[in-house]
Amino acid sequence: MARNIRLLIGTRKGAWICRGDSSHADWVMEGPIHLGQIVSHLVVDRRTGGTMLMAVATGHLGPTIFRSTDGGGTWVEAKRPPAFEKTTDSAIARAVDHTFWLENGHAGEPGVWWAGTSPPGLFVSEDDGVSWDGVSGFNDHPLYREWVPPDAGTPDGPLLNQVVIDPRDARHMYIATSTAGVFETTDRGASWRPLNKGVEASFLPDPYPEFGQDAHFIALAPSMPDRLWQQNHCGIYLLDRPEVTWERIGRAMPPEIGDIGFTIVPHPRDVDAAWVFPMDGTEVWPRTSPGGKPAVYGTRDAGRTWKRQDNGFPAEQAWFTVKRQAFCADDEEPLGLYLGTTGGEVWMSADEGGSWRNIGAHLPEIYSVVAAPTP
Amino acid sequence: MIFVSLPSQLHSYSGGVSRVEARGETVDMVLTDLDRCFPGIRFRIIDEQNRIRRHMRIFVGRDAVTDIDRAVGDADEILIFGALSGG
């Protein structure tokens, strides 16, 4: 049944909520919320549609988490935001620069949330985002300094950029990092092992290391959680567990476009369908739409073929890209797709990528877009 | 009591007030006391390793503070600034 949609938009200068009706015809932009705060991620509890969390920092102030339990009307700061353990050893002293990713816990664990930070750290809240504790199994792992080399990172710092939870088992989770690739746990974070076989790291002497890859984004196929999609710094990959070797399905992308991008969106019902937004990863890595011609590419056959979907996007001279958390789907039929650009525009497709429409403009650089039903 | 001057970036914590009073014998203690009045404010200025955040500046009078263990007395005023942090 069609429902009204709200897009939760995090930007470099605050957050906005864009509300649309079920026909996808009319959209209203509401905000700003916390104008001037750097909002890396704005999410709502998918289990309940209730609590909203916002990961913020500013150019000056340290990072924190804001919570709302009234649909975004009012916001209260977390009592204890994610922070590493205090240490007297300055050589290993870490401080959270910003929380990058917020993930609600397993459906069987109400009130549990997970957070990934920069520098890479994994944190958990058991009280609906009010207080946060470090997950020692990752943050204090003996190999942490190898997984997170001191000089590693993105222009925005090294990231633990995603937490993904197996809907069948709360103890089975994946995380993605920008410094060591993908890791898996089967004991709810107590122990972790790299899951990067077959994934290239072209920027290292060994191009296929056990860890060291830059996993831009990973996603489970919602209707088949053994299927993992990955948009990596070095291509698009697919992995069907229990296999452990990723297949570079991005090889089937047009060579002039390549398979570099920040994010990938799987279809919630069609296990073989997913969408990417390629960016220019040639020479000095402009990270813009290739040739200034933005397009989504979609697959319906698990990456064997890709179809360009650019109807509605500017035909030329459009140099934006789409960051990790800024591309998403709703669960309508047909599927709605939404993306926010580095140029502050919001685009949507009501027909699974067949055509695109600009539904918001003139926002600051967009970091995240989350589609959620209106409660 | 020690006067503390707060920059605009922290006025959401202080209810818009730019000059407040707090107790303590060091900058650290004053900021901790400030946090009791305005929960969360200390962590926005000082990280979990007790370091002053990169784009914040703290002065005692005209003396720049680099270590929050610096002693302060009743005649001192602590000034907190948001430094230049780019666009």
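It should be emphasised that the depicted structure is a prediction, and the values quoted were computed from it without experimental measurement.

Basis of the calculations
- Residues numbered from 1 in each chain as written.
- Chains lettered and ligands numbered in written order.
- Predicted model: local features only at pLDDT ≥ 70, side-chain atom pairs only at ≥ 80, totals over all residues.
- Heavy atoms only, no water.
- Pairing = 2+ DSSP bridges.
- Helix = DSSP H or I, 4+ residues; strand = E, 2+ residues; numbered from the N terminus.
- Contact = heavy atoms within 4.5 Å.
- Buried area = accessible area lost by both parts, 1.4 Å probe.
- Salt bridge = Lys/Arg side-chain N within 4 Å of Asp/Glu carboxyl O.
- Polar contact = N/O pair within 3.5 Å; in protein donor to acceptor, adjacent residues only side chain to side chain.
- Core = buried A, V, L, I, M, F, W, Y, C linked by side-chain atoms within 4.5 Å.
- Buried < 20%, exposed > 50% of the residue type's maximum accessible area, 1.4 Å probe, protein only.
- pLDDT = per-residue confidence, 0-100.

Caption draft 1: Inspection of the sheet that holds strand 12 (residues 160–165) of chain A at higher detail. All names here are of chain A. Spatial strand order, 12-13-14-15: 4 strands in an open sheet with antiparallel pairing. If you trace the sheet from one side to the other, it starts and ends with strand 12 and strand 15 (193–194), each paired once. Relative to strand 13 (residues 173–177), strand 12 runs antiparallel, the two being bridged by 5 bridges. Looking at strand 13, one finds that Gln162 is bridged to Ala176.

Caption draft 2: Molecular detail of the interface of chain A and chain B. Listed by partner, the interface residues are 25 residues for chain A and 19 residues for chain B. With both chains or domains summed, chain A and chain B bury close to 1600 Å², and 46% of this area falls on carbon and sulfur atoms. Broken down residue by residue, the surface that chain A buries against chain B is led by His60, Leu61 and Lys86 of chain A, which jointly contribute 39%. Here chain A is connected to chain B by 0 salt bridges. Inspection of the chain A/chain B interface yields 10 residue pairs in polar contact (both at pLDDT 80 or more). For the side of chain A that touches chain B, the secondary-structure elements that each account for two or more residues are strand 5 (52–57) and strand 6 (64–68) of chain A.

Caption draft 3: View of the nonpolar core. All names here are of chain A. If you look at the biggest cluster of nonpolar residues, it comprises 63 residues, and the most contacted ones within it are Met54, Trp114, Leu122, Trp132 and Val163. Tallying contributions element by element places strand 5 first for this core, with 5 residues. Look past the residues within four positions of Leu122 in its chain and what remains in contact with it is Trp114, Ala115, Asp133, Gly134, Val135, Phe138, Asn139, Leu160, Val163, Ile175 and Trp192. Counting 30 residues, the second-largest nonpolar core is a separate cluster that includes Ile5, Trp16, Ile359 and Ile366.

Caption draft 4: Region of the structure containing the pattern of salt bridges. All names here are of chain A. One pass over the structure, following the stated rule, counts 26 salt bridges over all chains. Arg46 is the salt-bridge partner of Glu103, the closest N and O atoms lying 2.7 Å from each other. Remark: Arg46 occurs in the loop between strand 4 (38–44) and strand 5 and Glu103 occurs in strand 8 (residues 98–104); sequence separation between them is 57 residues. Its relative accessible area of 8% is what places Glu103 among the buried residues.

Caption draft 5: Just the sheet that holds strand 11 (residues 133–134) of chain A, in detail. All names here are of chain A. Here 4 strands make up an open sheet; going across it, the order is 8-9-10-11 and the pairing antiparallel. Edge positions in the open sheet fall to strand 8 and strand 11, since each of these has one partner strand only. Alignment of strand 9 (residues 113–118) against strand 10 (residues 121–125), held across 5 bridges, turns out to be antiparallel. Opposite Thr117, over in strand 10, you have Gly121 as the bridge partner.

Caption draft 6: Representation of helix 2 (residues 27–37) of chain B. Turning to helix 2 of chain B, its buried residues are Val27, Asp28, Val30, Leu31, Asp33 and Leu34 of chain B. Where helix 2 of chain B is buried, its residues touch strand 1 (2–5), strand 2 (19–22), helix 3 (41–45), strand 3 (56–60) and strand 5 (77–82) of chain B.

Caption draft 7: Seen up close, the pairing of strand 5 of chain A. Residues and elements named next belong to chain A. Most of strand 5 sits inside the fold, with 6 of its 6 residues counted as buried. Of the two faces of strand 5, the one lined by Met52, Met54 and Val56 and the one lined by Leu53, Ala55 and Ala57 are each fully buried. Inspection of the sheet shows strand 4 paired to strand 5 by 6 bridges, in the antiparallel sense. Within the sheet, the bridge partner assigned to Leu42 lies in strand 5 and is Met54. Alignment of strand 5 against strand 6, held across 5 bridges, turns out to be antiparallel. Residue pairing in the sheet places Ala55 in a bridge with Ile65 of strand 6. Between the antiparallel neighbours strand 5 and strand 6 lie 6 residues.

Caption draft 8: Local environment of unusual backbone geometry. Of note, the bond from Ser118 of chain A into Pro119 of chain A is cis; its omega dihedral lies within 30 degrees of zero at -5°. Unlike most non-glycine residues, Asp128 of chain A shows phi in positive territory, near 65°. Despite not being glycine, Asn50 of chain B shows a phi value in the positive range, around 65°. Within the secondary structure layout, Asn50 of chain B lies in the loop between helix 3 and strand 3.

Caption draft 9: Up close: the confidence of the model for chain B. Mean pLDDT over chain B works out to 94, with 97% of the residues at or above the 70 mark. Here the prediction assigns the complex a pTM of 0.95, and the interface score ipTM is 0.88.

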